[in-house]
Amino acid sequence: MLTYFQATVIGAVQGVTELFPVSSLGHSVLVAAWLGGDWEKLTGEGESGTGTPYLAFVVALHVATAVALLGYYWRDWCAIVAGFLTTLRTGRLDTIPQRLAWLIVIATVPVGVLGFLLEHPLHALFGAPIYAAVFLALNGVVLIIGEGLRRRNEPSLAEYGRRFALRRAHSGTLTAEAEPRRQSDRPLAALGPRDALGIGFVQVGALLTGFSRAGLTMVGGLWRGLAHEHAAKFAFLLATPAILGAGLLEIPELVGPETDGIRGPVLVGALVSGVSSWLAVRFLERYFQTRTLLPFAVYCLAAGAVSVVHFG
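Rules used throughout
- The residue count restarts for each chain, going from 1 along the sequence in the order it is written.
- At least 70 in pLDDT is required for a residue's local features to be given in this predicted model, at least 80 for side-chain atom pairs to be given and counted, and no such filter applies to totals for whole chains, interfaces and linings, which use all residues.
- With hydrogens and water excluded, all non-hydrogen atoms of the structure serve as input to the side-chain values.
- A run of H or I in DSSP counts as a helix once it spans at least four residues, and a run of E counts as a strand once it spans at least two, with each numbered from the N terminus.
- A 1.4 Å probe rolled over the protein chains alone gives each residue an accessible area, and that area as a share of the maximum for its type sets the label: buried under 20%, exposed over 50%, partly exposed in between.
- Contacts are residue-level and defined by heavy atoms, with any inter-residue pair within 4.5 Å sufficient.
- The criterion for an aromatic pair is that two Phe, Tyr or Trp rings (for Trp, the six-membered ring) have centres within 6.5 Å, with stacked assigned to planes under 30 degrees apart, edge-to-face to planes over 60 apart and tilted to the rest.
- Ring-over charges, as used throughout, are those where CZ of Arg or NZ of Lys falls within 6 Å of the ring centre and within 35 degrees of the ring normal.
- Polar contacts, as counted here, are pairs of nitrogen or oxygen atoms within 3.5 Å of one another; within protein the pair requires one atom able to donate a hydrogen and one able to accept it, and residues that are adjacent in sequence qualify only if both atoms are side-chain atoms.
- Whenever Lys or Arg places a side-chain nitrogen within 4 Å of a carboxyl oxygen from Asp or Glu, that contact is recorded as a salt bridge.
- As used in this record, nonpolar core signifies buried Ala, Val, Leu, Ile, Met, Phe, Trp, Tyr and Cys residues forming a set joined through side-chain atoms within 4.5 Å.
- As a per-residue measure, pLDDT reflects the predictor's confidence and takes values from 0 up to 100.
- Grid points spaced at 1 Å over the protein atoms alone were grouped into cavities, where a 1.4 Å probe fits but cannot get out, and pockets, open sets with protein on both sides within 12 Å along at least five of seven lines, with lining residues defined by an atom within 4 Å of a point.
- Grid points are joined across faces, edges and corners, and a volume is the space filled by probe spheres set on the points.
- Throughout, the ten residues Ala, Val, Leu, Ile, Met, Phe, Trp, Tyr, Cys and Pro are labelled nonpolar, Asp, Glu, Lys and Arg are labelled charged, and all others, Gly among them, are labelled polar.

A. Spatial organisation of the side chain of Gln98. Its place among the elements puts Gln98 in helix H6 (residues 96–125). Given a relative accessible area of 7%, Gln98 falls into the buried group. For Gln98, the residues in contact, after removing those within four places along its chain, are Gly83, Thr86, Thr87, Arg92 and Leu93.

Here is the structure:
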């Protein structure tokens, strides 16, 4: 059975680690395995909760995180959805939100298709703590590689302007919206379809327990020339439909008989996860204005290595 205390702790861990580049699924497996006893029983036998009420609980946490992201970026999402609908009607890409809408659609396709086909088989195959530990350490290595890519690929502000101008000339007239916050997204609008598709394929690596969706997406953004703050925002925007879509597909698990007797803890855990996700994205948006992925890389390497020794 899932207790209120367990639901609160796991909800807080999920909400933070889903957006920090340190793997929420890896932590859900490793934290339970480290604590042992009733905690370890929650996740099932090497299947990350498949066949146990824990899967339904994780679904609720993911939906709560997606709702928190939608709430935090609600102005952006209103503009993006409106831009998407406008492009369907006019066939033009005249504004920054319109370009962002299609970049998000393109980048979501790989994880949407491959996640539907591979998510459950991969979690069943690599759900044991030792695999989560190895992949968490490798996640740290990938974050370090991402920092190397940033130093090599990050363009100057002048280069951002040149790319944006090229996109504008190629696809009509990208108008300058009056709202200042839209202009801060010009580097994102300077991405092309191939950039978005590349970032989308990088995100697929998060299907392996221990790799971070946010971390891999940020590394993909750095690889395509974004600065940390823009790569982080694109990662959070891109995570929203991916997390929400995966959660909605599993809604039957949430309302099925598996949750009988634990719906109270599930609700509490979801609320905690939503609040912690909101605080996490607020912190990270400011953090990445001046700082890098390296502290998270060191943490993943250390936590992964210690866990490999312990569970190996």
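B. Here's a closer look at the environment of Val202. For Val202, the position within the fold is in helix H11 (residues 193–203). Judged by relative accessible area, Val202 falls into the partly exposed class, the value being 26%. Between the alpha carbons of Val202 and Pro110 there is a distance of 9.0 Å; along the sequence they are 92 residues apart.

C. Looking closely at unusual backbone geometry. In this structure, Ser23 is a non-glycine residue whose phi angle is positive, near 75 degrees. For Ser23, a relative accessible area of 2% puts it in the buried group.

D. Broad picture of the packing of aromatic side chains. Taken as a whole and judged by the stated rule, the model has 11 aromatic pairs. Plain terms: the ring middles of Tyr72 and Tyr73 are 5.0 Å apart, the flat faces sit at 80 degrees to each other, and that makes the pair edge-to-face. Among the aromatic residues, ring-to-ring pairing joins Phe20, Phe283, Tyr287, Phe288 and Phe296 into one connected group. Taking the ring centre of Trp223 as reference, the NZ or CZ of Arg224 above it sits at 4.7 Å.

E. Representation of the side chain of Asp195. Locating Asp195 in the fold gives a position in helix H11. Taking the relative accessible area as the measure of exposure, Asp195 reaches 10% and is therefore buried. Reaching out from Asp195, the side chain makes a polar contact with the backbone nitrogen of Gly192 at a distance of 2.8 Å.

F. Region of the structure containing the pattern of salt bridges. By the definition in use, this model includes four salt bridges. Between Glu18 and Arg213 there is a salt bridge; the shortest N-O distance is 3.6 Å. Of this pair, Glu18 sits in the loop between helix H1 (4–17) and helix H2 (24–35) while Arg213 sits in helix H12 (residues 213–223), placing them 195 residues apart in sequence. Per residue, the accessibility class of Glu18 equals that of Arg213, and both read buried. For Asp76, the salt bridge goes to Lys233, with nearest N and O atoms at 2.9 Å. Of this pair, Asp76 sits in helix H5 (residues 74–90) while Lys233 sits in helix H13 (residues 228–249), and the two are 157 residues apart along the sequence. Across the pair, Lys233 and Asp76 agree in class, each one buried.

G. Fine view of the nonpolar core. Phe234, Phe236, Phe288 and Phe296 are the most contacted members of the largest nonpolar core, which has 49 residues in total. At nine residues, the largest contribution of residues to this core is made by H13. Look past the residues within four positions of Phe236 in its chain and what remains in contact with it is Leu19, Leu69, Tyr73, Val281 and Leu284.

H. The environment of Leu208, seen in detail. Locating Leu208 in the fold gives a position in the loop between H11 and H12. Taking C-alpha positions, Leu208 is 8.2 Å from Glu119, a pair spaced 89 residues apart along the chain.

I. Summary view of the confidence of the model for the chain. Taken over all residues, the pLDDT of the chain has a mean of 84, while the share at 70 or more is 83%. Ranking the helices and strands of the chain by mean pLDDT puts helix H16 (residues 294–311) first, with 96, and helix H8 (residues 157–170) last, with 52. Counted against residues more than four places away or in other chains, residues 45–51, with its pLDDT under 50, gives 17 contacts. Contacts from residues 172–178, a stretch scored under 50 in pLDDT, to residues over four places away or in other chains number 21 contacts.

J. Structural context of empty space enclosed by the protein. This model, assessed by the stated rule, comprises two cavities of 30 Å³ or more. Volume-wise, the largest cavity comes out at about 60 Å³. Lining the largest cavity, in full, are Val9, Ile10, Val13, His27, Ser28, Val31, Ala32 and Tyr54. When residues of the lining of the largest cavity are traced back to their parent elements, those giving at least two are H1 and H2. The residue makeup of the lining of the largest cavity, split by class, is six nonpolar, two polar and no charged.

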